[in-house]
Every structure is written in structure tokens, then in C-alpha cells.
Amino acid sequence: MQKRQHSSARIRLEISLKSIQQNFLRIQRTVQPAKVMAVLKADAYGLGAVPIAEALADAGASRFGVAGLREAITLKKRFSQPIHVLSGLLEGEVAECVRRKIICPVSDYRIAQWLSREAVRQRTKALVHIKVDTGMGRLGIPHFEARETIQRILKLPSLETEGIFSHFANANNPRHAKTREQIGIFRGLLRELESDGIRFPLAHLANSDGINNFPEARFDMVRTGINLYGVFDLLGFRAYKLSPSLSLNSVLLSRRRLPAGFTIGYGCTHTLFRDTWVGTVPAGYADGVPLAASNSASVLIRGKECPIIGRVSMDYLAVDLTPCAKATVGDEVVLVGKSGKRQLTIEDWARVKQTHPYDIICSLGPRVERVYLPSASTR
Ligand SMILES: Cc1ncc(COP(=O)(O)O)c(C=O)c1O
């Protein structure tokens, strides 16, 4: 496409629900017989949890994970699938979690007591998964006291303990010893519990990196977030081929011939060394374009790679249009996605910013219009 389709938004993120569904199904096929929890925390990394959950539910997703209670309620109101809170629990959240049958993380004995007491009060059962810290150092029952604490938790009334889980600290690096250590600790704990006569239906540990780099960590269920969008960490293996589901585009707002010696943008960090066609694109760091892209990345116009020149500002970036002599105002400018034979990816932006892809996706600002391309009927 050359001219951008009409849109009132200056920058638009197209989210292909069909490729998210296909990615989900590929992940599911790869990890079976393990189940797949689709992790949609932080509003599906800022992409929109409800439309994405709808597409995933149509594709057969059987569980969703979120960070906190508010996110859980949003999904619980619309979906019959079990919803897991993954990231701890506050005392004030307990009653509502129990009432709404949200699956709660028990990351210490005190939380188990709150849940048990509340479930007794409501004359129901609290649904829980026990969270063990095998080395992440963030949340969960420290593994060295888990066996004893879990035995105490299981004596509390009105808890329905369906699962046990932990989280990796460094699974994006397949060569780092830490992940094998965490797997060993988790497996050892399950063995010890089993010798005590305790077995939970669902043990789960792996996130996307875990699935890709450590197949032995798939246990009964995996929890995948970033891979749903066809995005991988910059390090590590790829256990499957996934389709990129996100494209970010803007529009050429102006095209001007500027003379040699003219400087571009704040800080005058680029000086034209010859007369140049310079384009201005209404997309800046407020929209999530990394400041690090200043003088260091490109966009695609009519399939040609046009370098970003000068410093990215809040609302704009400037490009050198020399590679695309035919560019005209109103042309589509691709920041992420395909144009002709070329493709720019979220991973490319992560490399430029020297960060990980989560940071790029979660940094897309509120001005970016989210457009959902239709899902497929996959069942
Ligand atoms: C506990 C937990 N499990 C799974 C995930 C999903 O991670 P990923 O997007 O790397 O698949 C996350 C996200 O950070 C998480 O916090």
C-alpha cells in the first residue's frame, strides 16, 4: 500500500487477531499435552485484553492469566474460562476474588489464611494455585521452606488448591545455568510433595522463553504472553514459527527540499550534507517510538528503507526521503510491519533501544489507535 487508508489517528497499531489465534494454536500444538494459559496482564501488554481474549477464546483458549484483581474482573465478566491472578494478592482484594471465583496466587501462608477465612465466611471454596519462589527473588514461598509451608496451607479449610507454580528469572538465555537450577528445584519440590502424598493437578513454570529454550520445563501447563504476538526475545531459540501480529504505521505529513547545512530537530544532532528531501512523520516518543531511534533506525515508505534523521521528538520524527524519491504527502509510513519486500519488527526496535520487546510493546502510547483486524473462525 502506498497511500495510507483514511484514519483520524496519526499513528495506528494494527493487531491481527487471526495471527494471534494461529500463534496460540501453534504454541498449543508444540507443548501438548501441556495446557496453555494465555497471559493477558497489563491489558494484554497494552494491546487490549478483551478483544484478544475473545479471539483466543474462539481459538479454544481454556485459561487466562492477569496481574491483578481489576484485570481479572474485566475478563471474568465476559469469559467463562478460569482467570488466574498471577502477581500476588492484597488483603483488600481477597473477598472479591473469592466471590468471583478468580484463581488466586498463594505466595505465603498469610495469604492462604486470608483466603481460607474468607471462603469459610462466604460458605464457598477459594480457588488457589500455590506460588513458589525457585529463584526469581520477587514473590512466592521461598523454595527452601515450601514443603513445610504447603503442608500447613493444605490443612486450612475451604481452599481448593488446583495448582502450584513458579516463575523463571533468566529463561531468555538458554546457556545460563540459573534456569536449569530453577527447574531442578521445582521438580525436586514436586517429588518431595509427592512423597508426602501431595499432588496438584497443574504444575506450571514456563513463560514464552521457558517454552522456547527449555522444553523440559513445560510440566502440566505453560503460561505464554509475548509469543502470542509472534514476538520473541532477542536471545535464545524459537520452538516454532509464529506470525508477527502487530504492525505500526503512520503517514507522511510533509515533504520538503532542504539545503545542505540545514540541521534537523532538537539538539541539531543531524546536519544535511547535501540538498535533501526530508519527510516529517507525526509519530514520536509519546507514541512509543524510542528516543534511541534518533539517527539510528529507519521506517519503510513504498517498500524503501528511509533513515530516521535527527532526534525523535514527542510528536514527530524526520526521515531522509532520498531512498524513496517518489514519496508523497499522505503516503503510509511503516514503523513496524511489512512494506513491499521489507519488514521491520518489534525485535528491531528492541535492538535499537537495547531493551527487550516487552518494553517496546508496553511503551506504545494512548494516542496510538488500536485497530483489530478480524479473527478467523478456527474451530
Ligand atoms: C508469572 C508470569 N507468567 C507468565 C508470564 C508470561 O511471560 P511471557 O510474555 O514472557 O510469555 C508472565 C509475564 O511476565 C508472568 O509474570
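Given the structure is predicted, the values throughout are model-derived calculations rather than measurements. Each chain has its residues counted from 1, running along the sequence as written. Selection of residues for local features in this predicted model requires a pLDDT of at least 70, selection of side-chain atom pairs for listing and counting requires 80 or more, and totals for whole chains, interfaces and linings are taken over all residues. Excluded from the side-chain calculation are hydrogens and water; included are all heavy atoms of the structure.

Participant: Please clarify how the overall build of the protein chain should be interpreted in this entry.
Facilitator: Looking only at helices and strands, the protein chain has eleven helices and 21 strands in total. For the protein chain, the spread of C-alpha atoms along the principal axes amounts to about 80 × 40 × 40 Å. Here's how the labels work: a residue is buried when its accessible area is under 20% of the maximum for its type, exposed when over 50%, partly exposed in between, all with a 1.4 Å probe on protein chains only. Counting across all 379 residues of the protein chain, residues that qualify as buried make up 53%. Residue contacts are defined here by distance: any two heavy atoms, one from each residue, within 4.5 Å place the two residues in contact. In the protein chain, the proportion of contacts linking residues at least 24 apart, taken out of those at least 6 apart, comes to 67%. Strands here are runs of E lasting at least two residues and helices are runs of H or I lasting at least four, both read from the DSSP assignment and numbered beginning at the N terminus.

Participant: How should unusual backbone geometry be read in this particular structure?
Facilitator: Backbone geometry follows two general trends: most residues other than glycine have a negative phi, and most peptide bonds adopt the trans configuration. Of note, the amide linkage connecting Q32 to P33 takes the cis form, showing an omega dihedral of 10°. As for its position among the elements, P33 is in the loop between α1 (17-31) and β2 (35-39). Despite not being glycine, A44 has its phi angle at roughly 55°, a positive value. With respect to the element layout, A44 can be found in helix α2 (residues 41-46). Here A44 falls in the buried class, since its relative accessible area comes to 0%. The phi angle at Q354 is positive, at roughly 55°, despite the residue not being glycine. Take Q354: it is sitting in the loop between α10 (346-353) and α11 (357-362).

Participant: Please explain the site of the ligand as it appears in this structure.
Facilitator: Around the ligand, the surrounding shell consists of V39, K41, Y45, R138, H167, N207, S208, R223, T224, G225, I226 and Y358. The pocket and cavity definitions rest on a 1 Å grid over protein atoms only: a 1.4 Å probe that fits but cannot leave marks a cavity, an open set with protein on both sides within 12 Å along at least five of seven lines marks a pocket, and residues lining either have an atom within 4 Å of a point. Pocket or cavity membership: a molecule qualifies when more than half of its atoms sit within 2 Å of the grid points of that site. More than half of the atoms of the ligand fall within 2 Å of the grid points belonging to the largest pocket. Within the residue set of the shell around the ligand, elements represented by two or more residues are α2 and β10 (221-224). Polarity classes work like this: nonpolar for Ala, Val, Leu, Ile, Met, Phe, Trp, Tyr, Cys and Pro, charged for Asp, Glu, Lys and Arg, and polar for all others, with Gly in that last group. Broken down by class, the residue content of the shell around the ligand amounts to four nonpolar, five polar and three charged. We call a residue near a molecule or strand as soon as one heavy atom of that residue lies within 4 Å of the molecule or strand.

Participant: Looking at this structure, I do not really get the domain arrangement of the protein chain. What am I missing?
Facilitator: Accessible area lost when the parts come together is the quantity often used to give the size of an interface. Residue ranges labeled as domains rest on an automatic or database domain assignment. Taken domain by domain, the protein chain holds domain 1 (17-229) and domain 2 (246-344). A separation of 42 Å is found between the C-alpha centroids of domain 1 and domain 2.

Participant: Teacher, can you tell me more about helix α8 (residues 177-195) here?
Facilitator: Each full turn of the α-helix corresponds to 3.6 residues, which orients residues three or four apart in the same direction. Expected span, for any helix, means 1.5 Å times one less than how many residues it has. For α8, built from 19 residues, the straight-helix expectation of 27 Å at 1.5 Å per residue is met to within 8% by its first-to-last C-alpha distance of 27 Å. Of the positions making up α8, those classed as buried are T179, Q182, I183, F186, L189, L190 and L193. With its buried residues spanning 125° around the axis, α8 presents them on a single face. Residues of α8 that are exposed and point more than 90 degrees away from the buried face comprise A177, R191 and S195. Lining the buried residues of α8 we find β6 (126-133), α7 (143-153), β8 (159-165) and β9 (202-204). Count one or two residues on from α8 and you reach G197, which has phi positive near 85°. Working note: the arc is built from the helix axis to C-beta atom directions.

Participant: Help me out: how do you make sense of the layout of surface pockets in this one?
Facilitator: Empty pockets left among the atoms are what a rolling probe the size of a water molecule brings to light. One number sums up the size of the largest pocket: a volume of about 500 Å³. When contributions to the lining of the largest pocket are tallied by element, the ones reaching two or more residues are α2, α9 (208-213) and β10. Within the lining of the largest pocket, the residues separate by chemical class into eleven nonpolar, nine polar and six charged. Grid points are joined across faces, edges and corners, and a volume is the space filled by probe spheres set on the points. There is about 180 Å³ of room inside the second largest pocket. Together, 15 residues line the second largest pocket, and I264, G265, T280, Y316 and A318 are the ones closest to its centre. Residue composition of the lining of the second largest pocket, by class: nine nonpolar, four polar and two charged.

Participant: So what exactly am I meant to see when it comes to the pairing of strand β18 (residues 317-320) here?
Facilitator: A regular strand places its side chains on the two faces of the sheet in alternate fashion. Side-chain alternation along β18 places L317 and V319 on one buried face and A318 and D320 on a second face that is also buried. Note: two strands are recorded as paired if DSSP finds a minimum of 2 bridges between them. Where strand β17 (residues 304-309) meets β18, two bridges bridge the pair, whose relative direction is antiparallel. The residue bridging I308 from the neighbouring strand is V319, located in β18.

Participant: Is there a simple way to explain the nonpolar core in this structure?
Facilitator: A general tendency of soluble globular proteins is for nonpolar side chains to be buried together. To define a nonpolar core, start from buried Ala, Val, Leu, Ile, Met, Phe, Trp, Tyr and Cys residues and group those joined through side-chain atoms within 4.5 Å. In terms of nonpolar packing, the biggest core is built from 114 residues, with L40, F64, L115, I164 and Y229 touching the most fellow members. A total of seven residues in this core trace back to one element, the largest contributor, which is helix α3 (residues 49-58). Looking at which domains feed residues into this core, each of domain 1 (17-229) and domain 2 (246-344) supplies at least three. Not counting the four nearest positions on each side in its chain, L115 is found in contact with L89, V94, V98, C104, V106, A126, V128 and L159. Of all hydrophobic cores here, the second largest spans six residues; its members include L272, V278, I309 and A318.

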